[in-house]
Amino acid sequence: MSRSPLEFKISTLIFDMDGVITDTMPYHFRAWKAVFATQGVAATHHDIYKREGQKGIDSVRELFLEKEILFTEKLARQMLLEKEELFKQIFKRRFIPGSRSFIKKSLNHGFKLALVTGTSRHEAQRLLPEDLWNSFHATVCGSDVQNGKPHPEPYLKAIAKLNVHPKQAIVFENAPFGVRSAKAAGLRCLALATSLPASFLTHADAVFSSFKEIESKVKFIKTFSTPGDAFGNT
């Protein structure tokens, strides 16, 4: 990328949660791997991470199909409950470096903020501190939609809640399904290679290693703003 910063004139920043704000994916992987093992399925890192953001029941359905194992919704829902319980037992609250300060800066500069996650609402509220949860003007969780990522519904619902045009917003994602969901909703998307290598995120508008790199190479300018309403690379 050149030394000249990317510039985005926007009003809204939309964040995925797992792997973008919270460093939770290693715990999700451990829980999924253990639960799939009880059904004789050897779930790999790639099996789980590439499906991040997808509804859990759809992940079970797809993996069973790939492994040629009979799928039943009753079994899948049982596995989801077991996975959620195991995740609660092993989870430790950790954050992607720079995520909280980036969100705080965005809020202080007057941007609208939204959270779009495949995690259920009650679980997302448990994972995020109250002050961070309350930073978002709109939240769309896995339990709020009929179709999870990579379907565009989660991001379409977010911009509808905020009453903003897709061109007025930018998404931060870290997973292929999340990137596809954002792009299908007509949104621009910056990807973070926190869970998978950049080669898995090629559909994003740009890929970065960290929020620190984003702030050094991207400038966000709030539309219909005064000259001081910008942050990032200057």
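Structure: above.
Below you will find a few notes about this structure. Predicted model only: the values in this text are computed from it and were never measured.

Looking at the element boundaries, Ser-59 is found in helix 3 (residues 56-66). Given a relative accessible area of 9%, Ser-59 falls into the buried group.

Moving on to the pairing of strand 5 (residues 169-173). Successive side chains on a regular strand alternate, one facing one side of the sheet and the next facing the other. For strand 5, the buried fraction is high: five of the five residues fall into the buried class. Side-chain alternation along strand 5 places Ala-169, Val-171 and Glu-173 on one buried face and Ile-170 and Phe-172 on a second face that is also buried. Bridge analysis of strand 2 (residues 12-15) against strand 5 gives four bridges, and the strand direction is parallel. Of the residues in strand 5, the one forming a bridge with Thr-12 is Ala-169.

Counting residues in hydrophobic clusters, the biggest one holds 36 residues, and the most contacted among them are Leu-13, Phe-15, Ile-21, Phe-172 and Phe-220. Ranked by size, the runner-up nonpolar core spans 21 residues in total, among them Ala-138, Ile-159, Ala-191 and Leu-201.

Here we take up the packing of aromatic side chains. Inspection of every chain in the model, using the stated rule, returns 15 aromatic pairs. Between Tyr-27 and Phe-91, the ring centres sit 5.9 Å apart and the planes meet at 80°, which makes this aromatic pair edge-to-face. Of this pair, Tyr-27 sits in helix 1 (residues 25-37) while Phe-91 sits in the loop between helix 4 (73-90) and helix 5 (99-108), placing them 64 residues apart in sequence. Take Tyr-27 and Phe-91: they sit in the same class, and that class is buried. In this structure an aromatic cluster arises from ring pairing among Phe-8, Phe-15, Phe-102, Phe-136, Phe-172, Phe-211 and Phe-220. Sitting over the face of the ring of Phe-87, Lys-83 holds its NZ or CZ atom 5.2 Å from the ring centroid.

Within helix 9 (residues 176-184), the full set of buried residues consists of Pro-176, Phe-177, Gly-178, Val-179, Ser-181 and Ala-182. Residues of helix 9 that are buried in the fold lie against helix 2 (45-49), helix 3, helix 8 (153-162), strand 5 and strand 6 (188-192). Gly-186 sits one or two residues past helix 9 and shows a positive phi near 85°.

Looking now at unusual backbone geometry. Backbone torsion omega between Lys-149 and Pro-150 reads 15°, so that peptide bond is classified as cis. Its place among the elements puts Pro-150 in the loop between strand 4 (138-140) and helix 8. The phi angle at Glu-68 is positive, at roughly 60°, despite the residue not being glycine. Relative to the assigned elements, Glu-68 resides in the loop between helix 3 and helix 4. Note on Glu-68: relative accessible area 75%, which makes it exposed. Positive phi, normally seen in glycine, also occurs at Asn-163, with a value near 55°. Inspection of the secondary structure puts Asn-163 in the loop between helix 8 and strand 5.

What counts, and where the lines are drawn
- Residues numbered from 1 in each chain as written.
- Predicted model: local features only at pLDDT ≥ 70, side-chain atom pairs only at ≥ 80, totals over all residues.
- Heavy atoms only, no water.
- Helix = DSSP H or I, 4+ residues; strand = E, 2+ residues; numbered from the N terminus.
- Buried < 20%, exposed > 50% of the residue type's maximum accessible area, 1.4 Å probe, protein only.
- Pairing = 2+ DSSP bridges.
- Core = buried A, V, L, I, M, F, W, Y, C linked by side-chain atoms within 4.5 Å.
- Phe/Tyr/Trp six-rings, centres within 6.5 Å; stacked < 30°, edge-to-face > 60°.
- Lys NZ or Arg CZ within 6 Å of the ring centre and 35° of its normal.
- Contact = heavy atoms within 4.5 Å.

Purely spatial values, then, with no claim about function.
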